[in-house]
Amino acid sequence: MRVLGVDPGLTRCGIGVVEGVAGRPLTMRGVGVVRTPVDAELGDRLVAIEQGVEEWLDNHRPEVVAVERVFSQHNVSTVMGTAQASAVAMLCAARRGIPVALHTPSEVKAAVTGSGRADKAQVGAMVTRLLRLDAPPKPADAADALALAICHIWRAPAHNRLQQAVALHASGSKGRTR
């Protein structure tokens, strides 16, 4: 499975591609950051993020796009920018028919480090170790994008089994009267 992880942000949108399957060594296929100028108009920044994500989709052809689920923060403007960048990534994937998975920051941290409260340094260290890299990807947004992709690869088999069980249960209960 090849997953494009997206750590959304208006100034720095982390992008990372990881390939592999759960239980086997994973391989990083690419990592980077789509940057936009802080003083640019919002629409121009969103277009720049779209162009960057589209380029990564063209170059790496992922099967799934894993995006960090936006969560509530105290700074509303930060949440809005993150949500807008997140929506752009989801739109780019949906336009191509690529499934999108959303993962919370604590879910990603727990999957990669074993603790949902891990800090950025711990996430970077584990990403480096898991992908057998020489050094943690910089900036942290890039490492976070790789962590998202790793999280999805590891959690996808369990998620797929749950979806199959729900579908089986739903089809088995059709036609029954209560």
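If you're wondering where the values come from, they're calculated on a predicted model, not measured in any experiment.

1. Things to note about the overall build of the protein chain
And step 1. A count of helical and extended segments in the protein chain gives 5 helices and 5 strands.
And step 2. Its helices and strands in sequence order give the protein chain the pattern β-β-β-α-β-α-β-α-α-α, from N to C terminus.
And step 3. Taken over C-alpha atoms, the radius of gyration comes to 17 Å for the protein chain, in line with the 16 Å a tight globule of 178 residues would show.
And step 4. Its C-alpha atoms give the protein chain principal-axis dimensions of about 60 × 35 × 35 Å.
And step 5. Put simply, of all contacts in the protein chain between residues at least 6 apart along the chain, 63% involve residues at least 24 apart.
And step 6. Total accessible area on the protein chain is roughly 9,800 Å²; 54% of this is exposed by carbon and sulfur atoms.
And step 7. Side-chain charges in the protein chain split into 21 positive and 16 negative, and the spacing between the mean points of these groups amounts to 12 Å.

2. Structural notes on the nonpolar core
And step 1. In terms of nonpolar packing, the biggest core is built from 20 residues, with Val 18, Val 127, Leu 131 and Ile 150 touching the most fellow members.
And step 2. For this core, the secondary-structure elements that each account for two or more residues are β4 (64–68), α3 (105–113), α4 (120–130) and α5 (140–173).
And step 3. With 7 residues, α5 is the single largest residue contributor to this core.
And step 4. With sequence-adjacent residues up to four places away left out, Ile 150 is seen in contact with Val 18, Leu 26, Val 112, Val 127, Leu 130 and Leu 131.
And step 5. Val 34, Val 88, Ala 89 and Ile 98 belong to the second-largest nonpolar core, a separate cluster that totals 19 residues.

3. Considerations on the packing of helix α1 (residues 42–60) against helix α2 (residues 76–95)
And step 1. Here α1 crosses α2 at 40 degrees, and the two axes come no closer than 9 Å. Taken together, the axis directions place α1 and α2 in an arrangement best described as oblique. When the axes of α1 and α2 are compared, the crossing they make is right-handed. Between α1 and α2, the residues in contact are Leu 42, Leu 46, Ile 49, Glu 50, Val 53, Glu 54 and Leu 57 and Gln 84, Ala 85, Val 88, Ala 89, Cys 92, Ala 93 and Arg 95, respectively.
And step 2. Classifying every residue of the contact of α1 with α2 gives 10 nonpolar, 1 polar and 3 charged.

4. Details of the pattern of salt bridges
And step 1. Per the stated rule, a full pass over the model turns up 9 salt bridges.
And step 2. A salt bridge links Arg 12 to Asp 141, with the nearest nitrogen and oxygen atoms 2.6 Å apart. A residue pair is termed long-range when its members are at least 10 positions apart, and Arg 12 in strand β2 (residues 12–19) and Asp 141 in helix α5 qualify at 129 residues.
And step 3. Residue classification places Arg 12 among the partly exposed positions, given a relative accessible area of 35%.
And step 4. Since its relative accessible area comes to 11%, Asp 141 is described here as buried.
And step 5. One salt bridge in this structure joins Glu 54 and Arg 95, with 2.7 Å as the shortest N-O distance. In this pair, Glu 54 sits in helix α1 while Arg 95 sits in helix α2, placing the two residues 41 residues apart along the sequence.

5. Quick word on the sheet that holds strand β5 (residues 100–103)
And step 1. Reading across from one edge, β3-β2-β1-β4-β5 is the order of the 5 strands in this open sheet, with mixed pairing throughout. Two strands in the sheet have a free side with no partner beyond their single neighbour: β3 (27–35) and β5. Each neighbouring strand pair of the sheet contributes to a mean axis angle of 20 degrees, computed without reference to strand direction.
And step 2. Summarising the sheet, β4 and β5 pair through 4 bridges and their orientation is parallel. Bridge pairing in β5 places Val 65 opposite Val 100.
And step 3. Along the sheet face, α2 touches β1 (2–7), β4 and β5 and points at about 170 degrees away from the line of β4.

Each value, and the rule that gives it
Residues numbered from 1 in each chain as written. Predicted model: local features only at pLDDT ≥ 70, side-chain atom pairs only at ≥ 80, totals over all residues. Heavy atoms only, no water. Helix = DSSP H or I, 4+ residues; strand = E, 2+ residues; numbered from the N terminus. Rg over C-alpha atoms; globule rule 2.2 N^0.38 Å. Contact = heavy atoms within 4.5 Å. Areas by Shrake-Rupley, 256 points an atom, 1.4 Å probe, with all protein chains shown as cover. Lys, Arg positive; Asp, Glu negative; His and termini not counted. Charge placed at Lys NZ, Arg CZ, Asp CG, Glu CD. Core = buried A, V, L, I, M, F, W, Y, C linked by side-chain atoms within 4.5 Å. Buried < 20%, exposed > 50% of the residue type's maximum accessible area, 1.4 Å probe, protein only. Axes fitted to C-alpha atoms, helices over the stretch in contact; angles between N-to-C directions. Parallel < 35°, antiparallel > 145°, perpendicular 65-115°, else oblique. Left-handed = near helix turned anticlockwise from the far one by under 90°. Nonpolar A, V, L, I, M, F, W, Y, C, P; charged D, E, K, R; others polar. Salt bridge = Lys/Arg side-chain N within 4 Å of Asp/Glu carboxyl O. Pairing = 2+ DSSP bridges.

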